[in-house]
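Structural overview for review
Listed below, chain by chain, are the residues.
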Amino acid sequence: MTTLPTAVFDTKSYDRESLQRGVSNAEIEWRFMDWRLSAETAASASGARAVCIFVNDRADRPCLEALASLGVKHIALRCAGYNGVDVEAATELGLAVTRVPAYSPYAVAEHAVALLLALNRKIPRASNRVHDLNFSLNGLVGFDLHGKTAGIFGTGKIGRVAAQILRGFGMQVLAFDLFPSHEWAKQHGVEYTDARTLAGQCEVISLHTPLTPETYHIIRRETLELMKPGTILINVSRGALIDTTALIEALKSGRLGGVGLDVYEEEEGVFFEDLSGQILQDDELARLLTFPNVLITAHQAFLTQEALSEIARVTVANLIAFDTGQPFLAGTTLNAQPQPE
Ligand code: NAD
């Protein structure tokens, strides 16, 4: 077997460490880039047979055409969501596309719940105060989650874990999914309902669907108007599930109790970067950061040791499988597996 040259885009130290740990240099020659993949940067994959990309890389048709002309054969996503890849164009160009469909639903669901708890009990504000020797409790009143109703929008791998954790807190859980799993719901005391009822009857709403044309801006002005005053909204899935302009309007009106975001519509080029000391150019993000009841993390819900190890294991297995003509791991391929040359 020859060494597989693989161009890895948008890498940070934790990506490099976990990928290198899982495989010998004789099998994969990692070419780590710290910039993102796009049509403009595709040329940096020259000489690579595979590219490995993450959530904010843009593998659109022009980018894929450029990669194919360079001799790239395989796009290996090291994440679950694949809204950044034009899979149809890749298939037409004979490029295999794989992803890591599940690495740790616990990591992502636990982060959603961490945002909820921190928002409701105002932990960041409380901690900042205490560090400033301000031990007053004014303005820090939260509410018991026990006995309240949570709405889980999307009961796939992550949504289910989130629902089960919230059931553990003694919450009622309503859920909506295009493909409900009634057996799971019965087992965990979860009740499926329609999207409108879910929006209007919950104190907490957590989004767990992928970003698709159907779910784009699923939270917009009309949806926000359905929500009970004081609702806490959590999004750890994809930023564009929420219309940010409408969200800011709802926050300004004071109707929302809190918003916890690990993803943001325009996060590309901002999240994952250290921009401290620079002037933030995104006015909507700047506005969001002024609300005392908004908590934002920069797409870190996946960031646990277990998730990173699993991402590396599956990505490496797919890269080697393709290079040696073996089948990909079950559930990882997004198009028919072309044969390597
Ligand atoms: P999954 O495929 O297991 O579940 C998604 C669920 O959404 C499915 O049950 C599906 O039927 C449902 N769904 C799809 N379209 C729908 C629609 N229009 N209306 C209602 N339900 C719909 O996916 P998962 O592993 O649970 O991941 C969910 C999403 O979380 C991913 O697509 C990704 O965008 C996001 N994610 C974020 C992070 C992070 O670090 N913040 C990490 C991993 C995944």
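Residues numbered from 1 in each chain as written. Predicted model: local features only at pLDDT ≥ 70, side-chain atom pairs only at ≥ 80, totals over all residues. Heavy atoms only, no water.

**Notes on the overall build of the protein chain**
Stated precisely, the cut-off is as follows: Each helix corresponds to a stretch of at least 4 residues labelled H or I by DSSP, and each strand to a stretch of at least 2 residues labelled E; elements are numbered beginning at the N terminus. The reference for a compact globule is 2.2 Å times residues^0.38; the radius of gyration itself is calculated from the C-alpha atoms. Burial classes: relative accessible area under 20% of the type maximum marks a residue as buried, over 50% as exposed, and values in between as partly exposed (1.4 Å probe, protein chains only). Residue exposure ignores everything except the shown protein chains as possible cover, and the areas themselves are Shrake-Rupley values with a 1.4 Å probe. The charge count treats Lys and Arg as positive and Asp and Glu as negative. His and the chain ends do not count. Charge placement uses NZ in Lys and CZ in Arg. For Asp and Glu, CG and CD serve respectively.
Looking only at helices and strands, one finds twelve helices and twelve strands in the protein chain. Here the C-alpha radius of gyration of the protein chain, 21 Å, is about what a compact globule of 341 residues would show, namely 20 Å. With the principal axes as the frame, the protein chain shows a C-alpha extent of 65 × 50 × 35 Å. Across the 341 residues that make up the protein chain, the buried fraction comes to 49%. Carbon and sulfur atoms make up 52% of the accessible area of the protein chain, which amounts to about 16,100 Å² in all. Each charge class in the protein chain was averaged separately, 29 positive and 40 negative side chains, and the resulting centres sit 6 Å apart.

**Overview of the packing of aromatic side chains**
For any pair of aromatic rings, geometry is given as the distance between the ring centres together with the angle between the planes. Applied cut-off: Ring pairs shown here join Phe, Tyr and Trp side chains whose ring centres sit within 6.5 Å, with only the six-membered ring taken for Trp; geometry is labelled stacked below 30 degrees between planes, edge-to-face above 60, and tilted in between.
Summed over all chains, the structure comprises seven aromatic pairs. Judged by centre distance (5.5 Å) and plane angle (20 degrees), the rings of F153 and F176 are stacked. With F153 in strand 6 (residues 149-153) and F176 in strand 7 (residues 172-176), the pair connects residues that are 23 residues apart, well separated along the chain. On the basis of relative accessibility, which here comes to 8%, the residue F153 falls in the buried class. Through a chain of ring-to-ring contacts, three or more aromatic side chains come together here, namely F54, F272 and F302.

**Considerations on the pattern of salt bridges**
Stated formally: Whenever Lys or Arg places a side-chain nitrogen within 4 Å of a carboxyl oxygen from Asp or Glu, that contact is recorded as a salt bridge.
Going through the model one piece at a time under the given rule, you end up with eleven salt bridges. E268 is the salt-bridge partner of R58, the closest N and O atoms lying 3.2 Å from each other. Here R58 is found in the loop between strand 3 (50-53) and helix 2 (61-70), whereas its partner E268 is found in the loop between strand 11 (258-261) and helix 11 (283-288), with 210 residues between them in sequence. Accessibility expressed as a relative area gives 36% for E268, which makes it partly exposed. The partner of R220 in a salt bridge is E222, with the nearest N and O atoms 3.1 Å apart. Taking relative accessible area as the criterion, R220 reaches 34% and is therefore assigned partly exposed. On the accessibility criterion, E222 (48% relative accessible area) is partly exposed. One continuous salt-bridge network, built from bridges that share partners, spans D10, K12 and E273.

**A closer look at the site of the ligand**
The criterion, for reference: A cutoff of 4 Å decides nearness: a residue is near a molecule or strand if any of its heavy atoms lies inside that distance of it. Counted as a polar contact is a pair of N or O atoms within 3.5 Å, where, for protein atoms, one must be capable of donating a hydrogen and the other of accepting one, and residues adjacent in sequence contribute only when both atoms are in side chains. Here a cavity denotes grid points, spaced 1 Å and computed from the protein atoms alone, that fit a 1.4 Å probe unable to get out, and a pocket denotes an open set having protein on both sides within 12 Å along at least 5 of 7 lines; residues with an atom within 4 Å of a point are the lining. Think of it this way: a molecule belongs to a cavity or pocket when more than half its atoms come within 2 Å of the grid points there.
Around the ligand sit 22 residues, and of these Y103, K157, I158, D177 and V236 come closest. Between the ligand and I158, the relevant distance is 2.9 Å, taken from an oxygen atom to a main-chain nitrogen or oxygen of the residue. Between D177 and the ligand, the recorded distance is 2.6 Å, taken from a side-chain N or O atom to an oxygen atom. The fraction of the free accessible surface of the ligand (870 Å²) that becomes covered by protein chains is 87%. For the ligand, the cavity whose grid points lie within 2 Å of the majority of its atoms is the largest pocket.

**So, the packing of helix 1 (residues 13-21) against helix 12 (residues 305-324)**
Here is the rule we go by: Geometry is summarised by axes, namely lines fitted to C-alpha atoms with helices restricted to the contacting stretch, and by angles between N-to-C directions that run from 0 to 180 degrees. Roughly parallel means an angle under 35 degrees; roughly antiparallel, over 145; roughly perpendicular, 65 to 115; everything else is oblique. The sense of a crossing depends on the near helix, which, turned anticlockwise from the far helix by less than a right angle, makes the crossing left-handed and, turned clockwise, makes it right-handed. Contact definition: two residues touch when any of their heavy atoms are within 4.5 Å.
At a minimum axis distance of 8 Å, the contact between helix 1 and helix 12 shows a crossing angle of 55 degrees. Taken together, the axis directions place helix 1 and helix 12 in an arrangement best described as oblique. The handedness of the crossing between helix 1 and helix 12 is right-handed. Between helix 1 and helix 12, the contacting residues are Y14, S18 and L19 on the first element and L308, A312, T315 and V316 on the second.

**Focus: the sheet that holds strand 1 (residues 4-8)**
We apply this condition: Paired strands, as defined in this entry, are two strands with at least two bridges between them according to DSSP.
With parallel pairing, five strands are arranged side by side in an open sheet as 2-1-3-4-5. This sheet does not close on itself; its edge strands, each paired only once, are strand 2 (28-32) and strand 5 (96-98). Recorded for the sheet is a direction-independent mean angle of 20 degrees between the axes of neighbouring strands. Where strand 1 and strand 2 come together, five bridges link them in parallel fashion. Among the inter-strand pairings, A7 is bridged to a residue of strand 2, identified as R31. The sheet strands contacting helix 1 are strand 1 and strand 2, and the helix crosses strand 2 at an angle near 175 degrees.

**A word on the side chain of T244**
Structurally, T244 can be placed in helix 10 (residues 244-252). Not counting chain neighbours up to four residues away, the residues in contact with T244 comprise Y264, E265, E284 and L288.

**A few points about the nonpolar core**
We apply this condition: We define the nonpolar core as a collection of buried residues of types Ala, Val, Leu, Ile, Met, Phe, Trp, Tyr and Cys that are connected through side-chain atoms lying within 4.5 Å of one another. The domain boundaries here were taken from an automatic or database domain assignment.
Core analysis: the largest hydrophobic core is formed by 61 residues, its most contacted members being V51, L67, L233 and L247. Looking at this core element by element, the count peaks at five residues for helix 10. Looking at which domains feed residues into this core, each of domain 1 (4-103 + 304-324) and domain 2 (105-296) supplies at least three. Residue contacts for L233: discarding those within four places in its chain leaves I205, L207, I219, L224, M227, I242, L247, G258, V259 and G260.

**A closer look at helix 4 (residues 105-120)**
Note the threshold: By definition here, a helix of n residues has an expected span of 1.5 Å times n minus one.
Look at helix 4: 23 Å from first C-alpha to last across 16 residues, which is about the 22 Å you get at 1.5 Å a residue. Where burial is concerned, most of helix 4 is hidden: twelve out of the 16 residues are buried. Among all positions in helix 4, only P105, A107, V108, A109, H111, A112, V113, L115, L116, A118, L119 and N120 are buried.

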